[in-house]
Structures are given as C-alpha cells and as structure tokens.
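Chain residues, written in single-letter form:
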Amino acid sequence: MRLLITGSRGQLGRALERLAPGFGHEFVGVDLPELDITDAEAVRRAVEAASPDAIVNCAAYTAVDAAESDEAKAAAVNGGAVSTLAETADRHGIVLLQISTDYVFDGTALAPIREGQATSPQSAYGRTKLAGEVAAARARRHLIVRTAWLYGEGSNFVGAVRRQLDGGNRVLRVVADQAGCPTYAEDLASGLLRLLDARAEGVVHAVNSGATTWYGFAREIVRLVGSDAEVVPISTGEMPRPAKRPAYSVLDTSRLAALIGAPLPPWQDALERHLRAGR
Ligand SMILES: NC(=O)c1ccc[n+]([C@@H]2O[C@H](COP(=O)([O-])OP(=O)(O)OC[C@H]3O[C@@H](n4cnc5c(N)ncnc54)[C@H](OP(=O)(O)O)[C@@H]3O)[C@@H](O)[C@H]2O)c1
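The notes below deal with the structure included here. These numbers come from a predicted model, not from an experiment.

Our focus in this paragraph is the nonpolar core. Within the largest apolar cluster, 63 residues are counted, with the highest numbers of intra-cluster contacts made by Leu 96, Phe 217 and Leu 271. Secondary structure elements with two or more residues in this core: helix 2 (40-50), helix 3 (71-92), helix 4 (124-136), helix 5 (157-166), strand 7 (171-175), helix 7 (214-224) and helix 9 (267-277). In terms of residue count, the dominant contributor to this core is helix 3 (seven residues). If we ignore the near neighbours within four places in the chain, the residues touching Leu 271 are Tyr 151, Val 158, Phe 217, Glu 220, Ile 221 and Leu 224.

With that out of the way, let us pick up the side chain of Ser 100. Mapped onto the secondary structure, Ser 100 falls in strand 4 (residues 95-101). For Ser 100, the residues in contact, after removing those within four places along its chain, are Lys 129, Glu 133, Ile 144, Val 145, Arg 146 and Thr 147.

Below, the discussion takes up unusual backbone geometry. Here the amide bond leading from Leu 32 into Pro 33 is cis, since omega sits at 5°, within 30 degrees of zero. Tracing the sequence through the fold places Pro 33 in the loop between strand 2 (26-30) and helix 2.

What holds strands together in a sheet is hydrogen bonding between their backbones, with the strands either parallel or antiparallel. Spatial ordering of the open sheet is given by 2-1-3-4-5-10, a layout of six strands whose pairing is parallel. The open sheet has two edge strands with one neighbour each: strand 2 and strand 10 (202-205). Geometrically, the sheet is characterised by an average inter-axis angle of 20° between neighbouring strands, direction not taken into account. Of the strand pairs in this sheet, strand 4 and strand 5 (residues 142-147) are connected by six bridges, and their pairing is parallel. What sits directly across from Thr 101, in strand 5, is Thr 147. Along the sheet, helix 1 (residues 11-19) makes contact with strand 1 (2-6), strand 2, strand 3 (54-57) and strand 4, crossing strand 1 at roughly 160°.

Time to look at the packing of aromatic side chains. Inspection of the entire model under this criterion finds eight aromatic pairs. Their ring planes at 90° and their centres at 6.2 Å tell us that Tyr 103 and Tyr 125 sit as a pair that is edge-to-face. Here the residue Tyr 103 occupies a position in the loop between strand 4 and helix 4, and Tyr 125 occupies one in helix 4, the gap between them amounting to 22 residues. The two residues Tyr 103 and Tyr 125 agree in class, both being buried. Both rings, one in Trp 214 and one in Phe 217, keep their centres 6.1 Å apart while their planes meet at 35°; by these two values the pair is tilted. Of this pair, Trp 214 and Phe 217 both sit in helix 7, three residues apart, roughly one helical turn. You'll find Trp 214 and Phe 217 in the same group, each marked buried. One aromatic cluster is present, built from ring pairs that chain together Trp 149, Tyr 151, Phe 157, Tyr 184, Trp 214, Phe 217 and Trp 267.

The next thing to look at is the layout of surface pockets. Here the second largest pocket is characterised by a volume of approximately 180 Å³. Sorting the residues of the lining of the second largest pocket by element identifies helix 5 and helix 9 as the ones contributing at least two each. Per-element tally for the lining of the second largest pocket: the top contributor is helix 5, with five residues. Here the residues of the lining of the second largest pocket sort into two nonpolar, six polar and four charged.

For any two helices packed against each other, one specifies the crossing angle of their axes together with the interaxial distance. Axis separation between helix 3 and helix 4 bottoms out at 8 Å; the angle between their running directions is 10°. In terms of orientation, helix 3 and helix 4 fall into the roughly parallel class. In contact with Glu 71, Ala 74, Ala 75, Asn 78, Gly 79, Val 82, Ser 83 and Ala 86 of helix 3, helix 4 contributes Ala 124, Tyr 125, Arg 127, Thr 128, Lys 129, Ala 131, Gly 132, Ala 135 and Ala 136. Here the contact of helix 3 with helix 4 is composed, by residue class, of nine nonpolar, five polar and three charged.

Before going further, it helps to examine the pattern of salt bridges. Oppositely charged side chains are able to pair whenever their charged atoms sit close together. Inspection of the entire model under this criterion finds 16 salt bridges. Of the charged contacts, one joins Asp 90 and Arg 140 as a salt bridge, the two residues approaching to 3.9 Å between their closest N and O atoms. Of the two residues, Asp 90 is situated in helix 3 and Arg 140 in the loop between helix 4 and strand 5; the sequence distance between them amounts to 50 residues. Each of Arg 14, Arg 18, Glu 153 and Glu 186 takes part in one network of salt bridges that share partners.

Following the criterion strictly, the structure yields two cavities of 30 Å³ or more and no others. Reported here for the largest cavity is a volume of approximately 50 Å³. Met 1, Val 95, Arg 141, Leu 195, Leu 196, Arg 199, Ala 200 and Glu 201 together form the lining of the largest cavity. For the lining of the largest cavity, the class distribution of residues is five nonpolar, no polar and three charged. As for the second largest cavity, its lining consists of Gln 11, Ala 15, Arg 18, Gly 152, Glu 153, Tyr 184, Ala 185, Glu 186, His 274 and Arg 279. Going through the elements one at a time, helix 1 and helix 6 (185-197) are the ones with two or more residues in the lining of the second largest cavity. When residues of the lining of the second largest cavity are assigned to their parent elements, the largest contribution, three residues, is made by helix 1. Per-class residue counts for the lining of the second largest cavity are three nonpolar, three polar and four charged.

Parameters and conventions
- What you see as residue numbers is a count from 1 along each chain, following the sequence as written.
- Local features in this predicted model are restricted to residues of pLDDT 70 or higher, and side-chain atom pairs are both shown and tallied only at a pLDDT of 80 or more, whereas totals for entire chains, interfaces and linings draw on every residue.
- Water and hydrogen atoms play no part in the side-chain values, which are based on all heavy atoms of the structure.
- For the purposes of this section, nonpolar cores are sets of buried Ala, Val, Leu, Ile, Met, Phe, Trp, Tyr and Cys residues that join through side-chain atoms within 4.5 Å.
- The buried label applies to any residue whose accessible area, calculated with a 1.4 Å probe on protein chains only, is under 20% of its type's maximum; exposed applies above 50%, and partly exposed to all values in between.
- Strands are runs of DSSP state E lasting at least two residues, helices are runs of H or I lasting at least four, and both sets are numbered from the N terminus onward.
- Contacts are assigned to residue pairs with any non-hydrogen atoms lying within 4.5 Å of each other.
- Two strands form a pair only when DSSP identifies at least two bridges running between them.
- Lines fitted to C-alpha atoms define the axes here, with helix axes fitted over just the stretch in contact, and angles between the N-to-C directions of these axes take values from 0 to 180 degrees.
- Stacked, tilted and edge-to-face are the three classes assigned to paired rings of Phe, Tyr and Trp, where Trp is represented by its six-membered ring and a pair needs centres within 6.5 Å; plane angles under 30 degrees give stacked, over 60 edge-to-face, the rest tilted.
- Computed over the protein atoms alone on a 1 Å grid, cavities are sets of points where a 1.4 Å probe fits but cannot get out and pockets are open sets with protein on both sides within 12 Å along at least five of seven lines; a residue lines them when it has an atom within 4 Å of a point.
- Grid points are joined across faces, edges and corners, and a volume is the space filled by probe spheres set on the points.
- By the convention adopted, Pro, Cys, Tyr, Trp, Phe, Met, Ile, Leu, Val and Ala count as nonpolar, Lys, Arg, Asp and Glu as charged, and the other residues, Gly among them, as polar.
- Angle categories are assigned with fixed cut-offs, so that under 35 degrees is roughly parallel, over 145 is roughly antiparallel, 65 to 115 is roughly perpendicular, and the rest are oblique.
- Definition used for salt bridges: Asp or Glu carboxyl oxygen within 4 Å of a side-chain nitrogen of Lys or Arg.

Quick look at the structure:
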C-alpha cells in the first residue's frame, strides 16, 4: 500500500514512518508547515500528488487544556479538516484512517468500554475529536481508531515525569483517580498497519493491554528508570486543570484482537521498550 500520513512529525506519525516499510508499505509523510490540513485546497493537492491507497490522519490539535479556550481552532483541525479528508478520500476511492481518543467518553463507565457505547465528551478537545469521528464516518471507506494516553517520540507524560526526576524532584504528586490505558506509539502504529492489512473498517479501540491510573503509570516509570523518588497519590480535585478528564476511560480491545489476531502488548512491557529505546 501507499500511505499519505498527515501529522507525520507527531508521536504517532513518526512511529508509523518507522514501521511502515517493514510492512511493505510506501509512504508520503506531511506535516505543518508544508501541509496544513485545514487548507482544503492544499489537502486536495497533497492527495493528488501522493496518489495514496489510504490517508492516515495523525494530524490533530492535541493540547487538551488549551482547547478549552481555543475550541474554534481545535474544531477546525480535529473536525472541519477531517471533512475535507473524508471528501477527498471518497473522490479517490481510498480509505481514510482517522485517529480518535478515549476523551470522547464521559468517564462514567464501570467496565472496559466497547466501540458501540455512547459517547459524551466532557471537554472541548473531546467534542472536537468526536466531530472528527462523525466527519470521518461519512467517508465510504473509513477506519476510526480510538486510542488513549499516548507516548512516544514527542511531548508526553513519560517525558514529563522523566524531566521531574532529572530536575531532582524526589516527590511526585500524581492523580490516582483517573483510570486508562497508557499506549506506546510504536505499538499503536504496528496495530494500525495490521488493521490496514486486514482491510478493517468502522470503529476500533486500540490501546496497550491492561489499565492503570496516572499514579500507577508514574510509579512504573520511576521504578523502571531506577529512581528512588516517592510518588504520592492525589485526587483530580487537588490538581485543577482547565479541561475535565474522564475518571474511567479503559477501552475494550476485543475487536482489535479479533481483527489482527492478538491484543497489543501489556502497557508495562511497552513502557519498558520505550524507555530502553531512549527516544
Ligand atoms: N497524545 C495522546 O495522549 C492521545 C491520546 C488519544 C488520542 N490521541 C490522538 O492520536 C493522534 C496522534 O496523536 P499524537 O500524540 O501523535 O499527536 P502530536 O504528537 O501532537 O502530533 C500531531 C501532529 O499534527 C500536527 N498538526 C497540528 N495541526 C495541524 C494542521 N492544522 N495541519 C497539519 N498538521 C497539524 C502537529 O504539528 P505541531 O506540533 O506543529 O502542532 C503534530 O506534528 C491524534 O489524533 C490525537 O488526537 C492522542
């Protein structure tokens, strides 16, 4: 296959570019400033020029808190631009692979969330990503993959914890009442490529196996880097942030496992590989 990867210099885009050749796929990667996906004419030209079999949209406005005061911009990137991608995919008869988020859920679920469960975003980011799902679903051939708590080469929670440790902070206060699935961009990228190979369509949840809290995630990072820093559990209320996060957004990945033959590896194993890779 030939892939057009938008947002190619983000965490997921980079991982996809590393792995695509191993799956026998060619790719064209584009990101700001050479392609702004909110520029409809530029999107049409880029698809025309790349002549791909699939558009893999990794471009997004991902600043969850900033989106609260900048929803119009977030909506243009996460929602409006996806309409253009969907129309362009249809014009070329190709697949649109759109990445979405666990933040489309409200956090009230009591068990891992399946693809068909009701969405109810609680933040501007979540609303705009849901608009992106609706737009992508208008493409005749679409695959919408919801992931969560992503880290890889770029700015993310793992890097933030490491910076605290490197800066000499011996006590980390981390939220312990939000549960989710930390997900390694490399493992997600591999899952996406296998989903494309399987000709999967519709909505699929793709996260590393298992679940934890941000507190549990931080403790594992501290343990794996061999630090003796203390991680102190705190409540969401003790760390007010502009955007509301779901208290529980663990995603059920049975559909992914059925489509590609196995679930993604456990999150602890993924974290260890990420830290060893030193990216
Ligand atoms: N990160 C997470 O925890 C998380 C969780 C769940 C789902 N997701 C979803 O997973 C996907 C990949 O996330 P990620 O963590 O890889 O994101 P990322 O690292 O923030 O990368 C997104 C890329 O898109 C680019 N971009 C932003 N606006 C653009 C525009 N108008 N036109 C073209 N490119 C644009 C960004 O460029 P600049 O850096 O220059 O802005 C960046 O290179 C996104 O759909 C995201 O919503 C992420």
